[in-house]
Amino acid sequence: MNNENPINKTILFVKSKLENAEGGHDWFHIERVFKNSVAIANNEVCDVTVVKLGALLHDIADSKFHNGDETIGPKTAREFLESENIDEATIAHVINIIENISFKGGNIAAKFTSIELDIVQDADRLDAMGAIGIARTFNYGGFKNRSLYNPKIAPNLHMSKEEYKNSEAPTLNHFYEKLLLLKDKMNTETGKKIAQERHRFMMTFLSQFYAEWDGEK
């Protein structure tokens, strides 16, 4: 089997499925995660095909946009991969990546582990950090019509999975509830190195934001 052929077909499938997706979870998000996954994989011993398929399909039907239903993504991915005659071991591994990649408040114990999941998860988390992470966060906040910031509403650092999914807190709280926590949750050495710089950028942004909010700059 030509390993690149199913990858190219998966790219076309994902582009089609996410044609009208919210700007932070569209094809370009997938493409960035795909590129970062491949770059990280170059420094690891792993199944590159699983990494590529996992990266491409990890957000094929994000539960945030399907009334919280976490079964649609894995089901959509499985149906597609089976239609492409991908072997069952690969399909099962990709489904496990999709089911276990999400942050979900950061307090959920992992039910599955593999280096391939580690790689795709790092790549996905990197896209939630730095300049792009900031842009995606405010884009999604606007999509949900959330306020930018409310000093009277403190971040909740101990949310359950359900609380995290249903949170309507101001967008800036998301930095403390997720984005700033990611640096210490990276799996690979490559991911950790890239995360350091993106974390610093977010801290600089927050410092500037509060200064402007208070009329100091």
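(A) Spatial organisation of the packing of helix H3 (residues 48-57) against helix H6 (residues 115-126). Interaxial distance between H3 and H6 falls to 9 Å at its minimum, and their mutual angle equals 40°. Judged by the angle between their axes, H3 and H6 are oblique. Seen from above, H3 lies across H6 with right-handed handedness. When H3 is examined against H6, the residues Val50, Val51, Gly54 and Ala55 are found in contact with a partner set consisting of Glu116, Ile119 and Val120. Of the residues contributing to the contact of H3 with H6, the split by class is five nonpolar, one polar and one charged.

(B) Representation of helix H7 (residues 130-143). With 14 residues, H7 ought to run about 20 Å at 1.5 Å a step, and its terminal C-alpha atoms sit 20 Å apart, in line with that. Along H7, the residues classified as buried are Gly130, Gly133, Ile134, Arg136, Thr137, Tyr140 and Gly141. The buried residues of H7 occupy an angular sector of 165° when the element is viewed end-on, so they sit on one face. Each element contacted by the buried residues of H7 is listed here: helix H2 (27-41), helix H9 (173-177) and helix H10 (189-213). Two residues or fewer after H7 comes Asn145, characterised by a positive phi angle close to 60°.

(C) Spatial organisation of helix H4 (residues 72-83). If you check H4, its first and last C-alpha atoms are 17 Å apart, about what 12 residues at 1.5 Å a residue would give, namely 16 Å. Taken residue by residue, H4 has Gly73, Pro74, Thr76, Ala77, Phe80 and Leu81 as its buried positions. The buried residues of H4 all sit within an arc of 165° when viewed along its axis, so they share a single face. Asn85 lies just past H4 and shows a positive phi near 60°.

Reading guide: rules and limits
Residues numbered from 1 in each chain as written. Predicted model: local features only at pLDDT ≥ 70, side-chain atom pairs only at ≥ 80, totals over all residues. Heavy atoms only, no water. Axes fitted to C-alpha atoms, helices over the stretch in contact; angles between N-to-C directions. Helix = DSSP H or I, 4+ residues; strand = E, 2+ residues; numbered from the N terminus. Parallel < 35°, antiparallel > 145°, perpendicular 65-115°, else oblique. Left-handed = near helix turned anticlockwise from the far one by under 90°. Contact = heavy atoms within 4.5 Å. Nonpolar A, V, L, I, M, F, W, Y, C, P; charged D, E, K, R; others polar. Expected span 1.5 Å × (residues − 1). Buried < 20%, exposed > 50% of the residue type's maximum accessible area, 1.4 Å probe, protein only. Arc of directions from axis to C-beta.

These values are about where atoms sit, not about what they do.
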